[in-house]
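Here is what each chain is made of, one letter per residue.
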Amino acid sequence: MQPDPEKLLSYYERMQLIRLFEEKLAELFASGLLGGTSHFCIGQEAAAVGLLAAAKDTDWVVSNHRGHGHLLARGLDPARVMAELLGRKSGYCGGRGGSQHMCSMEDHFLGTNGITGGGIPIGTGAAFALKYQNSDNVAIVFFGDGASNQGTFHESLNMASLWSLPVLYVCENNRYGMSMPVERACAQPRIAARAAAYGMDAAEADGGSLLEVLQAGTEALKLVREKQRPFLLELHCYRHCGHSKNDPRVYRSRDEESRMQELDCLKQCENMLLQRGLGSEAIAQARERARLSIELAAKEALKAPYADSDYAKGGVYA
Amino acid sequence: MQPDPEKLLSYYERMQLIRLFEEKLAELFASGLLGGTSHFCIGQEAAAVGLLAAAKDTDWVVSNHRGHGHLLARGLDPARVMAELLGRKSGYCGGRGGSQHMCSMEDHFLGTNGITGGGIPIGTGAAFALKYQNSDNVAIVFFGDGASNQGTFHESLNMASLWSLPVLYVCENNRYGMSMPVERACAQPRIAARAAAYGMDAAEADGGSLLEVLQAGTEALKLVREKQRPFLLELHCYRHCGHSKNDPRVYRSRDEESRMQELDCLKQCENMLLQRGLGSEAIAQARERARLSIELAAKEALKAPYADSDYAKGGVYA
Amino acid sequence: MPEEKTQYFYSQAVNQALDEELARDENVFLLGEDIGQYGGAFGVTRGLFEKYGHKRLIETPISENSFTGLAVGAAMMGLRPVVEIMFMDFIALALDQLLNSAGKLHYMYDAQVSVPLVLRTPGGAKGGYGPSHSQMLSSLLLGIPGLKIVAPSTPRQAKGMLKAAIRDDNPVVFIENKRLYPTKGELPEGEYTLPLDKAELLSPGKDITLISYSAMSLVCLAIKEAVLSTGLDLEVLDLLSLQPLDQKSIFASVRKTGRVLIVEEACKTGGVGAEVAALIAEHCLDALEAPIMRVAAADAPIPSSLELEKYVLPQNDDILRAIKALRDY
Amino acid sequence: MPEEKTQYFYSQAVNQALDEELARDENVFLLGEDIGQYGGAFGVTRGLFEKYGHKRLIETPISENSFTGLAVGAAMMGLRPVVEIMFMDFIALALDQLLNSAGKLHYMYDAQVSVPLVLRTPGGAKGGYGPSHSQMLSSLLLGIPGLKIVAPSTPRQAKGMLKAAIRDDNPVVFIENKRLYPTKGELPEGEYTLPLDKAELLSPGKDITLISYSAMSLVCLAIKEAVLSTGLDLEVLDLLSLQPLDQKSIFASVRKTGRVLIVEEACKTGGVGAEVAALIAEHCLDALEAPIMRVAAADAPIPSSLELEKYVLPQNDDILRAIKALRDY
Ligand SMILES: Cc1ncc(C[n+]2csc(CCOP(=O)(O)OP(=O)(O)O)c2C)c(N)n1
Ligand SMILES: Cc1ncc(C[n+]2csc(CCOP(=O)(O)OP(=O)(O)O)c2C)c(N)n1
Ligand SMILES: [Mg+2]
Ligand SMILES: [Mg+2]
């Protein structure tokens with residue numbers, strides 16, 4: 001599959017959108033406009049964009065705590081995602097959920113999740129429902145290397161395989177779970193290799209390369225959809241930023257970071273676009289469009305009102 | 001390793017002891033003298049006896065809900081095990097624990113456990129302590145095929161491998177978890193194959209053959225002790241009885257059962273002893289010794305007194 | 001001579017509710033361990049597998065946390081899972097999904113999803129099952145926002161409330177009781193449901209209010225009969241719903257009798273009784289003529305020994321003693 | 001001019017307790033996520049890894065249930081694990097091991113083992129962490145037999161009680177609070193421990209008793225100051241221990257003032273306040289001059305939005321309103 005250059009450029013723009021979105025968030029944090037904490041995916045944009053570009057818009061997405069990329073890659077409105085982070089009424093969840101608990105059913109986005117490994121059974125359940133309903137949509141569950149050590153990973157993958165559920169498990173292995181290097185957390189640090197314990201097929205791909213993700217994602221999704229079987233895809237990634245706000249990253253060297261910076265997915269993507277004949281002008285324009293859209297989003301979100309006390313305390317039951 | 005015939009005969013006697021112990025329990029149930037429920041290991045005696053014969057007496061044992069075999073194979077007093085089942089003060093836990101919650105620290109028996117998969121992290125913790133204390137004892141954790149689907153299996157084996165803990169995981173795969181055939185519960189029904197997901201070595205053996213268990217157990221324990229690495233040993237077993245009291249065994253055919261009955265570990269053991277030149281008289285005598293000891297145990301246990309109300313409500317805190 | 005009405009076991013009532021709801025709505029499915037041919041550890045789902053097959057009765061591996069989470073995900077997508085946790089003691093394994101997913105999702109995802117999930121589970125001691133198979137863990141769940149919790153005590157209530165629970169759009173924990181399964185009662189003819197948020201006055205009286213739920217409600221009724229001859233007229237209120245508590249019915253009864261004894265099978269400390277007592281102490285203090293008393297299980301694990309078990313569980317004598325104290329206050 | 005005593009952060013007090021106990025007893029070790037070089041999500045264990053190394057500070061994979069279970073096993077074998085659960089919200093994942101192992105083993109194995117385990121975890125909301133990172137789940141643990149539960153509110157208490165908890169032979173859940181970490185106080189010179197079962201009268205008064213724990217105790221103290229000028233003299237009792245509850249101190253205070261307000265950060269329904277109220281309603285009814293009131297979090301998840309969060313958490317205004325109602329009753 002060779003997507004045409006315009007498509008690729010639009011993916012690049014989406015990746016930039018995510019990057020700039022989070023850089024804007026960092027600004028807002030710094031200026032005290034944003035509370036709580038949140039987890040940036042700077043460096044992992046190709047994984048989110050490539051994978052969801054390979055999916056149908058009606059496939060269901062379950063994400064984890066590091067979900068901005070997934071949300072924006074799925075096409076949610078950056079202004080409303082930002083409003084959610086800022087706790088405003090116009091946010092996707094009215095300010096109740098925030099970064100780690102954001103959902104948009106109309107976008108087939110079943111939610112980010114603050115409990116590491118908590119989304120894995122939920123996504124498996126979504127796949128269960130899709131099969132039950134004879135849908136040809138599939139479920140896509142994003143999680144990290146760290147989450148693969150939760151019992152839910154084991155239990156869920158086992159059930160998905162037993163019952164042949166149409167679910168794609170996407171492990172973004174960014175080498176760390178918070179401060180924990182994957183080799184010190186996973187006795188088998190090749191997460192994909194764990195799939196065999198469930199009689200499940202698996203593959204690995206370079207999460208820093210948009211094209212590789214696109215291709216691996218397309219193949220994996222085709223298998224899941226056609227065979228109605230689960231699949232585990234491990235994407236090798238790196239987050240350039242800290243785990244969350246205020247992470248001084250004592251657990252890794254600046255040297256490692258700058259080496260990885262060289263392989264940044266946005267850089268790689270730009271080179272790839274250039275190679276495919278897209279001019280640096282077109283690339284700069286895409287970047288500029290993304291920048292503008294984030295500026296607008298932030299402006300809009302910052303002036304959105306908050307919900308009220310009744311809203312905060314009510315609505316617990318359906 | 002070829003144990004001498006006398007040793008083998010004593011193992012046979014131990015197996016008979018377990019079998020007759022549970023047959024006595026069935027009698028007590030039938031006559032209404034025994035309350036609650038309990039899980040017999042009829043058919044799995046070779047696994048318990050062979051494995052614990054291969055272990056040092058000072059290795060620590062953690063068992064599950066199906067623990068009578070493990071308790072008696074470890075050499076606990078049948079009268080006190082029975083007293084515990086009958087809820088008497090002289091039982092190993094004063095009647096508080098019963099079948100599924102029985103422990104004897106002086107026998108290095110860390111306890112049976114009523115939560116499927118609940119003993120796996122506990123045994124892993126025991127191994128952690130042994131390593132911390134520079135002990136050359138190891139921990140042995142018994143569990144079933146069904147328990148291998150709990151998150152604790154995954155989480156614990158991962159930690160044991162990461163931290164090189166001296167623990168032998170013994171999965172008695174008796175083909176069913178309650179009524180659930182292993183193929184419908186484990187997407188990878190070869191439990192031993194799951195060890196690879198944790199970079200752990202594993203082996204399988206015929207749990208119906210005392211000699212095979214002895215040999216596989218000896219080898220596995222040697223590896224664990226010498227390499228200070230965890231190991232997963234899968235023993236293929238069959239329980240001839242129901243899962244617990246009152247199980248009509250609708251989930252399997254009488255045909256399958258009678259085929260398996262032919263392979264009963266006690267029968268196999270008797271044939272093996274005969275082949276090794278032990279006379280049928282010696283075998284019968286061993287059986288008789290076991291029978292007598294169970295008769296005595298039951299008599300003793302049945303006349304033992306109960307503890308009182310203060311004992312029942314007190315002793316919650318150390 | 002009037003026709004004798006058929007009596008059904010509590011377990012049959014639950015079974016009928018499941019059967020009828022499976023038949024009514026094909027989004028309903030059952031999920032749990034050994035619930036197929038085996039019929040569940042207490043035979044409650046017996047016969048349903050033969051009728052509805054593999055699609056609607058899903059037997060799971062032993063993975064409580066994730067099959068509960070799977071049910072949550074399926075419920076978000078519009079199905080109506082009925083999960084069985086074989087013994088209530090095992091609910092702790094699934095608690096994260098109840099606390100951090102099921103109870104919260106509707107709220108935190110701003111009503112974009114609902115979680116129409118029922119989790120059935122038998123609590124309570126039944127003679128010698130021991131510390132890990134006997135607990136009434138109602139208080140573990142109380143106070144998890146977003147959950148409804150019910151604990152019916154008769155076949156009629158069990159059937160009507162389970163059907164209502166399955167149709168409710170919220171996660172409902174449906175607490176059964178091993179000791180109730182073999183109890184019998186009549187069932188209304190034809191289709192019915194019962195509300196999930198109403199207590200039931202099992203027997204009006206004027207002297208002392210006994211408030212209880214699950215199997216202990218039947219014990220309270222029996223106690224009422226036993227003391228009638230002494231001239232004491234007890235009012236027996238069955239909570240049925242533990243979350244939300246039917247404050248109106250509770251307060252009405254307390255205002256009538258002025259004396260309250262709360263009886264439950266859970267440990268006393270932090271039990272449902274504590275919340276009931278606190279509500280009364282806030283809203284009906286003026287009506288109280290005696291201290292609010294509680295009889296519950298001791299704050300101890302439940303021993304295996306049949307002989308010892310009874311000391312830990314609330315006994316009739318404990319209840320009678322408390323009643324006497326309230327009368328004489 | 002008197003010498004100024006050094007002020008320490010609550011987090012430093014916890015750190016000192018860990019440090020001293022690690023130094024004192026080599027059976028003590030720490031277990032948890034990111035507690036090494038990173039120092040834990042809130043920096044509480046900072047510096048300890050450098051001092052005690054890999055043997056004593058074990059960084060775990062994200063496997064809350066099993067690393068808690070592992071600690072239980074290690075404790076049975078004589079070690080003294082101090083487990084950190086990064087946010088109290090995640091304790092639900094480890095609940096089975098707390099409920100069915102840690103709390104029960106000493107009893108059900110007939111005192112052959114003890115489980116000298118400490119589980120440290122920060123509860124409470126701290127401005128925008130959202131529904132899965134803000135809960136005070138004290139009531140989830142209350143009523144689990146065999147656990148001790150403490151929730152100190154000052155650096156001095158935190159240090160003394162954590163040292164005592166580590167030396168205690170029972171499983172102790174040690175509830176910290178994200179909002180308390182940056183609060184400061186003096187620490188006694190030298191070695192000390194504090195009892196695990198005593199409440200502390202933070203400030204005597206005669207009109208109304210405020211009973212609280214963790215961060216809300218400081219709020220209550222501040223409220224006391226704020227209303228002093230109106231002539232109201234509040235008594236502030238800090239529970240410190242949630243299990244067991246120090247009934248003697250609670251009852252003494254209630255008998256003194258006759259008016260009680262219980263303040264906590266957990267959801268109101270089924271909270272620790274319910275148990276406290278129930279105990280008072282049973283044992284001090286005669287001394288009550290007004291209904292027992294509770295101010296707590298709403299029975300709702302805690303929203304992420306900083307603006308919304310405050311509506312769900314107990315606010316000063318709620319407390320003041322309740323005080324006024326009690327005064328005017
Ligand atoms: C149950 C639970 N435990 C711990 C945490 C704290 N925590 C949040 S993210 C994280 C690391 C997750 O690592 P990984 O799965 O690799 O995802 P990444 O952050 O690298 O994207 C941890 C420990 C949590 N949110 N939930
Ligand atoms: C957490 C939990 N879930 C379910 C059960 C009920 N139960 C007891 S034993 C058992 C089957 C266990 O199967 P397996 O591990 O294969 O052991 P086996 O009984 O075959 O020896 C089940 C489902 C339990 N005791 N604990
Ligand atoms: Mg990671
Ligand atoms: Mg089995």
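Analysis parameters
- Residues numbered from 1 in each chain as written.
- Chains lettered and ligands numbered in written order.
- Predicted model: local features only at pLDDT ≥ 70, side-chain atom pairs only at ≥ 80, totals over all residues.
- Heavy atoms only, no water.
- Domains from an automatic or database assignment.
- Contact = heavy atoms within 4.5 Å.
- Buried area = accessible area lost by both parts, 1.4 Å probe.
- Donors = N, O, S within 2.8 Å, 3.2 Å for Na, K, Ca; no water.
- Helix = DSSP H or I, 4+ residues; strand = E, 2+ residues; numbered from the N terminus.
- Buried < 20%, exposed > 50% of the residue type's maximum accessible area, 1.4 Å probe, protein only.
- Expected span 1.5 Å × (residues − 1).
- Salt bridge = Lys/Arg side-chain N within 4 Å of Asp/Glu carboxyl O.
- Polar contact = N/O pair within 3.5 Å; in protein donor to acceptor, adjacent residues only side chain to side chain.
- Pairing = 2+ DSSP bridges.
- Axes fitted to C-alpha atoms, helices over the stretch in contact; angles between N-to-C directions.
- Least-squares fit on C-alpha atoms with pLDDT ≥ 70 in both.
- Near = heavy atom within 4 Å.
- Areas by Shrake-Rupley, 256 points an atom, 1.4 Å probe, with all protein chains shown as cover.
- Nonpolar A, V, L, I, M, F, W, Y, C, P; charged D, E, K, R; others polar.
- Core = buried A, V, L, I, M, F, W, Y, C linked by side-chain atoms within 4.5 Å.
- Right-handed = clockwise from strand over helix to strand, strands pointing away.
- Phe/Tyr/Trp six-rings, centres within 6.5 Å; stacked < 30°, edge-to-face > 60°.
- Lys NZ or Arg CZ within 6 Å of the ring centre and 35° of its normal.

**Observations concerning the domain arrangement of chain C**
All names here are of chain C. Parsing chain C into structural domains produces domain 1 (8–185) and domain 2 (200–328). The C-alpha centroid of domain 2 is placed 26 Å from the C-alpha centroid of domain 1. The interface of domain 1 with domain 2 comprises 35 residues on the first partner and 27 residues on the second. Here domain 1 packs against domain 2, burying approximately 2200 Å² in sum over the two surfaces, 57% of which is carbon and sulfur.

**Overview of the coordination of the magnesium ion (ligand 4)**
Residues and elements named next belong to chain B. For the magnesium ion (ligand 4), the full set of protein donor atoms is Asp145 (OD), Asn174 (OD1) and Tyr176 (O), at a range of 2.0 to 2.2 Å. In primary-sequence terms, the residues that donate to the magnesium ion (ligand 4) follow D-x28-N-x1-Y. Of this pair, Asp145 sits in the loop between β3 (139–144) and α6 (151–162) while Tyr176 sits in strand β5 (residues 176–177), and the two are 31 residues apart along the sequence. Under the relative-accessibility criterion, Tyr176 is labelled buried at 8%.

**Digging into helix α10 (residues 272–283) of chain C**
Residues and elements named next belong to chain C. Between its terminal C-alpha atoms α10 stretches 17 Å, which fits the 16 Å expected from 12 residues at 1.5 Å a residue. Across the 12 residues that make up α10, a large majority, 11, are buried. Residues of α10 that are buried include every one of Val272, Gly273, Ala274, Glu275, Val276, Ala277, Ala278, Leu279, Ile280, Ala281 and Glu282, and no others.

**Looking at unusual backbone geometry**
Cis geometry is adopted by the peptide bond preceding Pro244 of chain C, which originates at Gln243 of chain C and carries an omega value of 0°. Positive phi, normally seen in glycine, also occurs at Arg249 of chain A, with a value near 55°. Here Arg249 of chain A shows up in the loop between β8 (231–236) and α9 (254–262).

**Digging into the interface of chain D and chain B**
The partner chain B presents 42 residues to the 43 residues of chain D that form the contact. Three residues stand out in chain D for area buried against chain B, namely Leu70, Met77 and Tyr107 of chain D, and they jointly supply 22% of the buried area on that side. Across the contact surface, chain D and chain B share one salt bridge. For the salt bridge of Asp110 of chain D with Arg96 of chain B, the shortest nitrogen-to-oxygen distance reads 3.5 Å. On inspection of chain D and its partner chain B, the count reaches 17 residue pairs in polar contact (both at pLDDT 80 or more). Of all the secondary-structure elements, those providing two or more residues to the side of chain D that touches chain B are β2 (28–32), α2 (48–56), β3 (57–59), α3 (64–76), α4 (95–102) and α5 (105–108) of chain D.

**Here's the deal with the sheet that holds strand β4 (residues 80–84) of chain D**
Residue and element names in this part refer to chain D. Taken in spatial order, the seven strands make up an open sheet running β3-β2-β4-β5-β7-β6-β12, and their pairing is mixed. One side of each edge strand has no neighbouring strand; the edge strands of this open sheet are β3 and β12 (241–243). In this sheet, neighbouring strand axes are inclined to one another by 20° on average, regardless of whether the strands run parallel or antiparallel. Where β4 and strand β5 (residues 118–123) come together, three bridges link them in parallel fashion. Residue pairing across strands places Val82 opposite Val118, the latter belonging to β5.

**A few points about the coordination of the magnesium ion (ligand 3)**
In ideal tetrahedral geometry, four donors around a metal make angles of 109.5 degrees, whereas ideal octahedral geometry with six donors gives angles of 90 or 180 degrees. All names here are of chain A. Asp145 (OD), Asn174 (OD1) and Tyr176 (O) make up the full set of protein donors to the magnesium ion (ligand 3), lying at 2.0 to 2.1 Å. Donor residues binding the magnesium ion (ligand 3) come from one chain and are separated in sequence as D-x28-N-x1-Y. Tyr176 carries the same exposure label as Asn174, and that label is buried.

**Re the sheet that holds strand β6 (residues 148–150) of chain C**
Residues and elements named next belong to chain C. Sheet architecture is open: seven strands sit in the order β3-β2-β4-β5-β7-β6-β12, paired in mixed fashion. Looking at which strands have only one partner, the edges of the open sheet turn out to be β3 (57–59) and β12 (241–243). Each strand axis lies, on average, 20° off the axis of its neighbour in the sheet, ignoring direction. Bridge count for β6 against β12 is two bridges, and the pairing is antiparallel. Across the sheet, Ile149 pairs through a bridge with Gln243, a residue of β12. The strands that helix α2 (residues 48–56) touches are β2 (28–32) and β3; relative to β3, the one it contacts most, it runs at about 70°.

**Quick look at the pairing of strand β13 (residues 260–267) of chain D**
All names here are of chain D. With eight of its eight residues buried, β13 lies for the most part within the structure. For strand β10 (residues 208–212) and β13, the ladder comprises four bridges, and the chain directions are parallel. Across the sheet, residue Thr209 finds its bridge partner in β13, namely Val260. Pairing of β13 with strand β14 (residues 293–297), which is carried by four bridges, proceeds in the parallel orientation. Its bridge partner being in β14, Ile262 is matched across the sheet by Arg294.

**A short note on the relation of the copies chain C and chain D**
There are two copies of the chain, and a rotation about an axis plus a shift along that axis relates them. Take chain C, turn it by 180°, move it 0.0 Å along the axis, and it overlays chain D with an RMSD of 0.0 Å. Each copy turns onto its partner about a two-fold axis. In this assembly, 100% of the residues forming the interface of chain C have copies in chain D that are likewise at the interface, indicating an isologous arrangement.

**Things to note about the site of ligand 1**
Surrounding ligand 1, one finds 22 residues, the nearest of these being His65, Arg66, Gly146 and Tyr176 of chain A together with Glu64 of chain D. Each of chains A and D places residues next to ligand 1. Between Gly114 of chain A and ligand 1, the recorded distance is 2.8 Å, taken from a backbone N or O atom to a nitrogen atom. Take Ala147 of chain A: an N or O atom from its main chain is 2.9 Å from an oxygen atom of ligand 1. When ligand 1 sits alone it has 580 Å² of accessible area, and the protein chains cover 99% of it. When its residues are assigned to classes, the shell around ligand 1 shows eight nonpolar, 10 polar and four charged.

**Description of the nonpolar core**
Within the largest apolar cluster, 415 residues are counted, with the highest numbers of intra-cluster contacts made by Ile280 of chain C together with Ile280 of chain D. Setting aside anything within four residues of it in sequence, one finds Ile280 of chain C in contact with Ile211, Ile250, Phe251, Val254, Val260, Leu285, Leu288 and Ile292 of chain C. Counting 33 residues, the second largest nonpolar core, distinct from the first, contains Val118, Ala164, Leu180 and Leu240 of chain D.

**As for the site of ligand 2**
Neighbouring ligand 2 are 22 residues, the closest being His65, Arg66, Gly146 and Tyr176 of chain B together with Glu64 of chain C. Between Gly146 of chain B and ligand 2, the recorded distance is 2.7 Å, taken from a backbone N or O atom to an oxygen atom. In the model, an oxygen atom of ligand 2 is placed 2.8 Å from a nitrogen or oxygen of the Asn174 of chain B side chain. Starting from 580 Å² of accessible surface for ligand 2 in isolation, the protein chains cover 98%.

**Examining the pattern of salt bridges**
Applying the stated rule across the entire model yields 88 salt bridges over all chains. Across the pair Arg249 of chain B and Glu257 of chain B runs a salt bridge, and its minimum N-O distance is 2.6 Å. For Glu257 of chain B, a relative accessible area of 9% translates into the label buried. Between Arg167 of chain C and Glu21 of chain C there is a salt bridge, with its nearest N and O atoms 2.8 Å apart.

**What about the interface of chain C and chain D?**
Across the boundary between the two partners, chain C contributes 48 residues, which contact 48 residues of chain D. The junction of chain C with chain D conceals about 3800 Å² of combined surface from both sides, 65% of it contributed by carbon and sulfur atoms. Measuring nitrogen to oxygen at the nearest pair gives 3.5 Å for the salt bridge that ties Lys268 of chain C to Glu282 of chain D. Applying the counting rule to chain C against chain D returns 13 residue pairs in polar contact (both at pLDDT 80 or more). Elements with a minimum of two residues in the side of chain C that touches chain D: α4 (95–102), α5 (105–108), α6 (138–141), α10 and β14 (293–297) of chain C. At seven residues, the largest contribution of residues to the side of chain C that touches chain D is made by α10 of chain C. Here the residues of the side of chain C that touches chain D sort into 29 nonpolar, 10 polar and nine charged.

**Digging into the pairing of strand β10 (residues 208–212) of chain C**
Residues and elements named next belong to chain C. Within β10, five of the five residues are buried, which leaves it mostly tucked inside the rest of the structure. Neither face of β10 is exposed, since Ile208, Leu210 and Ser212 on one face and Thr209 and Ile211 on the opposite face are all buried. Of the strand pairs in this sheet, β10 and strand β11 (residues 234–238) are connected by five bridges, and their pairing is parallel. Bridge pairing in β11 places Ile211 opposite Leu237. Viewed along the sheet, the connection from β10 through helix α8 (residues 215–228) into β11 turns out right-handed.

**So, the packing of aromatic side chains**
This structure, assessed with the given rule, holds 34 aromatic pairs over all chains. With a centroid separation of 4.8 Å and an interplanar angle of 35°, the aromatic rings of Phe128 of chain A and Phe29 of chain C are classed as tilted. Taken together, the residues span two chains, with Phe128 of chain A in helix α5 (residues 119–132) and Phe29 of chain C in strand β2. Note on Phe128 of chain A: relative accessible area 6%, which makes it buried. Take Phe29 of chain C: its relative accessible area is 0%, and that puts it in the buried class. Here a set of aromatic residues connected by ring pairs shows up, and it is made of Tyr10, Phe42, Phe87, Phe90, Tyr129 and Tyr181 of chain C. Cation over ring: Lys310 of chain C sits above Tyr311 of chain C, and NZ or CZ is 5.2 Å from the ring centre.

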